[in-house]
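Structure at a glance
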Amino acid sequence: EPQADPDPSKKTLVILGTGWGSVSLLKNLDTENYNVVVISPRNYFLFTPLLPSCTTGTVEHRSIMEPIRSILLHKKAKVKFYEAEASSIDPDRKVVIIRDSSEIKGDMTETEVPYDMLVVGVGAENATFGIPGVREHSCFLKEIGDAQQIRKKIMDCVETAAFKDQTPAEIDRLLHMIVVGGGPTGVEFAGELQDFFEEDIRKLIPEISDRFRVTLIEALPNVLPSFSKQLIDYTESTFKEEKIDIRTKTMVKKVTDKTVEAEVTNPDGGKEHIVLPYGLLVWATGNAVRPVVRDLMSRIPAQKDSRRGLAVNEYLVVQGTRDIWAVGDCAVAGYAPTAQVASQEGNFLARLFNNMAKTEALEEKIRSLSSSLNLPTPPGGSSGDGGDGSGPLSAAEASRLIEEYERQLRRIKNIKPFHYSHQGSLAYIGSEKAVADVSWFNGNLATGGRLTFLFWRSAYLSMCFSTRNRLLVLNDWLKSKAFGRDVSRE
Ligand code: FAD
Ligand code: NAD
């Protein structure tokens, strides 16, 4: 029977965030060992790998969301969830200040949640490097709301370009979609966008479709820096066929409501300033540290040299603290900020916490047995019953049990540090092609093409959170293939 109030005999474990790190922790945690409290402004888990597909309607957004309340329903012991943002963390008083940042507010909008143990899994925010105009004029691609906004704007640009008597220059501007950042987010989005135009818009509005252009801007000499050279070349040549214009060695410096200004480094080393008019601008230049994390870092002297997030040790304990752990994009553990890393970290913490609870229970049993051995048996003999209610034990039995518990303790206490096991990198690049760097049977396989696309689809389908999500995504794929994407602008 789930209990409603915090059990005073248990520690309170507070988990911040409902993303990859926190949810994989929750999935594997024995919740009956702690009073578990989850705090996040988002009351659902989001399957980010399919977010780029939501921008064009290949996949509908609700198919990749899973309500946190239904995830928690399946836990053995009740878990509290507060839809709120952690605005600051006080490691001295061991409290988290939380704020209701949603649209509807009650009388109580800000309060404190005390913790014994805290897991920070708040992810990261979008990097803009302070470049002027980015926040005001571009779309990001991180949350469901971003994908919905992009989907709406693409169609707005198309319908506006098709407006009666629109000038050719204006049609060109409106149908020019610029993506800044050649990491996997930018590449996957550019591919999805091109598919949308080729497969649907071209059929529906043929008169303007030749004017449509996608430009991908990247500051470094090539896109997908984390993939192998072979796959970078494959992606770049596929994009050329798809008529996606890749502009590398091009650093965006300023954004206005209708133009992007950038500095291009020419082969001779010279710099050139360019101005590109656009209709839609998507900004995908990676991660920046969230304010709540930056604030916590400033309160912990051991974090003073850390820049990209909370520095953690090999057990994911935040350096300079004893009772705060960090997972995912907000933690600096020496790995890339990916869902794969975050979910393995969450898994690891679940094992660690399950173990810690078992350790404490065993230690408690050993303590009570040892004290019963040292004490004269009280009249009625109620002590030293081994904690299992089986009645008084003889000294010999008690010693045997202690030995057994100590053996168990040694076994479970011996938990190894976190070790990341890389399963490979996958990215969709448009026209039913994907690239994959996977290691199988100790060998490396770098592949690109249609077969890889099928592999990409089946891998992502199997990684979806629930059977419900899996069926919805499959249904969306079949639906958009059979009937085309839905271009109604909501
Ligand atoms: P997130 O999943 O971002 O979750 C953070 C959580 O914290 C959210 O629930 C958020 O609402 C909550 N939160 C935010 N602020 C607060 C606060 N103040 N208090 C409390 N809670 C807060 N990785 C891969 O490995 N493979 C892929 O194919 C892949 N595709 C991607 C595609 C896109 C478009 C994007 C944007 C990312 C992709 N990634 C992929 C990267 C991956 O999504 C991230 O690395 C991963 O989400 C990190 O997990 P996390 O738990 O740290 O953070
Ligand atoms: P990223 O950090 O991987 O790439 C951002 C790119 O933007 C960089 O290549 C950078 O050089 C470029 N850039 C920065 N400033 C610029 C400027 N002013 N002008 C032009 N270019 C500029 O970011 P991401 O693609 O959002 O990915 C974030 C994380 O999520 C990564 O760890 C990535 O691996 C992961 N992810 C993985 C997948 C996948 O596996 N399919 C998909 C999406 C994201």
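Just so it is clear, the model here is predicted, and its values are computed rather than measured. The written sequence of each chain sets the order in which its residues are numbered from 1. Here every chain gets a letter starting at A, and every ligand a number starting at 1, in the order they are written. In keeping with the predicted nature of the model, local features appear solely for residues at pLDDT of at least 70, side-chain atom pairs appear and are counted solely at 80 or more, and the whole-chain, interface and lining totals rest on all residues. Only hydrogens and water are set aside; all other atoms, that is, all heavy atoms of the structure, feed into the side-chain values.

Let's shift gears to the site of ligand 1. If a single non-hydrogen atom of a residue is within 4 Å of a molecule or strand, that residue counts as near it. As a matter of local geometry, ligand 1 sits amid 29 residues, with Gly21, Thr48, Ala86, Asp329 and Tyr460 nearest to it. Polar contacts, as used here, are pairs of N or O atoms within 3.5 Å; protein pairs need one atom able to donate a hydrogen and one able to accept it. Residues neighboring in sequence count only if both atoms are side-chain atoms. The contact in question runs from an oxygen atom of ligand 1 to an N or O atom on the backbone of Asp329, over 2.8 Å. One of the side-chain N or O atoms of Tyr460 is found 2.7 Å from an oxygen atom in ligand 1. Surface accessibility follows the Shrake-Rupley procedure with a 1.4 Å probe radius. Residue values consider only the protein chains on display as shielding. Taking 990 Å² as the accessible area of ligand 1 by itself, protein coverage stands at 89%. Helix and strand labels come from DSSP, where a helix needs a run of H or I of at least four residues and a strand needs a run of E of at least two; each type is numbered from the N terminus. Where the shell around ligand 1 is concerned, the elements lending two or more residues are helix H1 (20–28), strand S2 (35–40), strand S6 (85–90) and helix H10 (339–374). In terms of residue count, the dominant contributor to the shell around ligand 1 is H10 (three residues).

We now examine unusual backbone geometry. Even without being a glycine, Phe129 presents a positive backbone phi close to 55°. Checked against the element boundaries, Phe129 lands in the loop between strand S10 (125–126) and helix H4 (134–137). Phi at Glu432 takes a positive value of approximately 50°, unusual for a residue other than glycine. Positionally, Glu432 belongs in the loop between strand S22 (425–430) and strand S23 (433–440). The class of Glu432 is partly exposed, set by a relative accessible area of 22%. Only protein chains enter the accessibility calculation, which uses a 1.4 Å probe; a residue whose area is less than 20% of its type maximum is buried, one above 50% is exposed, and one in between is partly exposed.

We now examine the pattern of salt bridges. Salt bridges are defined as contacts in which a side-chain nitrogen from Lys or Arg sits within 4 Å of a carboxyl oxygen from Asp or Glu. Under the definition given, this model contains 26 salt bridges. Arg93 is the partner of Asp90 in a salt bridge, and the nearest nitrogen-oxygen pair spans 3.8 Å. The exposure class of Asp90 is buried, given its relative accessible area of 14%. Glu364 serves as the salt-bridge partner of Arg367, at 2.8 Å between the closest nitrogen and oxygen. Placement of the pair is Arg367 and Glu364 together in helix H10, with a separation of three residues, close to one helical turn. Each of the salt bridges in this network shares a partner with another, and the network as a whole consists of Asp90, Arg93 and Glu112.

Turning next to the confidence of the model for the chain. What pLDDT expresses is the predictor's confidence in each residue, scored from 0 to 100. Confidence in the prediction of the chain, expressed as mean pLDDT, is 93, and 95% of residues score 70 or more. What the predictor reports for the complex is a pTM of 0.94 with an ipTM of 0.99.

Another aspect to go through is the site of ligand 2. Neighbouring residues of ligand 2: 25 residues in total, closest Thr185, Glu218, Ala219, Val252 and Leu426. Within the contact set of ligand 2, an oxygen atom lies 2.6 Å away from a side-chain nitrogen or oxygen of Glu218. Considering ligand 2 on its own, with 840 Å² of exposed area, one finds that the protein chains cover 78% of that surface. In this count, Pro and Cys sit with the nonpolar residues alongside Ala, Val, Leu, Ile, Met, Phe, Trp and Tyr, while Asp, Glu, Lys and Arg are called charged and the others, Gly among them, polar. Looking at the shell around ligand 2 residue by residue, the class counts come to 15 nonpolar, eight polar and two charged.

What follows concerns the packing of helix H12 (residues 450–463) against helix H13 (residues 467–483). Axis definition: a line fit to C-alpha positions, over the contact stretch in the case of helices; interaxial angles, taken between N-to-C directions, run 0 to 180 degrees. For the pair H12 and H13, the least separation of the axes is 9 Å and the interaxial angle reads 150°. Compared by their axis directions, H12 and H13 come out roughly antiparallel. Along this stretch, H12 crosses H13, giving a crossing that reads as right-handed. Only Arg470, Val473, Leu474 and Trp477 of H13 make contact with H12, whose side of the interface consists of Arg457, Leu461 and Ser462. Of the residues assigned to the contact of H12 with H13, the class counts are four nonpolar, one polar and two charged. Working rule for angles: under 35 degrees goes down as roughly parallel, over 145 as roughly antiparallel, 65 to 115 as roughly perpendicular, anything else as oblique. The crossing is said to be left-handed when, going from far helix to near helix, the turn is anticlockwise and less than a right angle, and right-handed when the turn is clockwise. We call two residues in contact whenever any of their non-hydrogen atoms come within 4.5 Å of each other.

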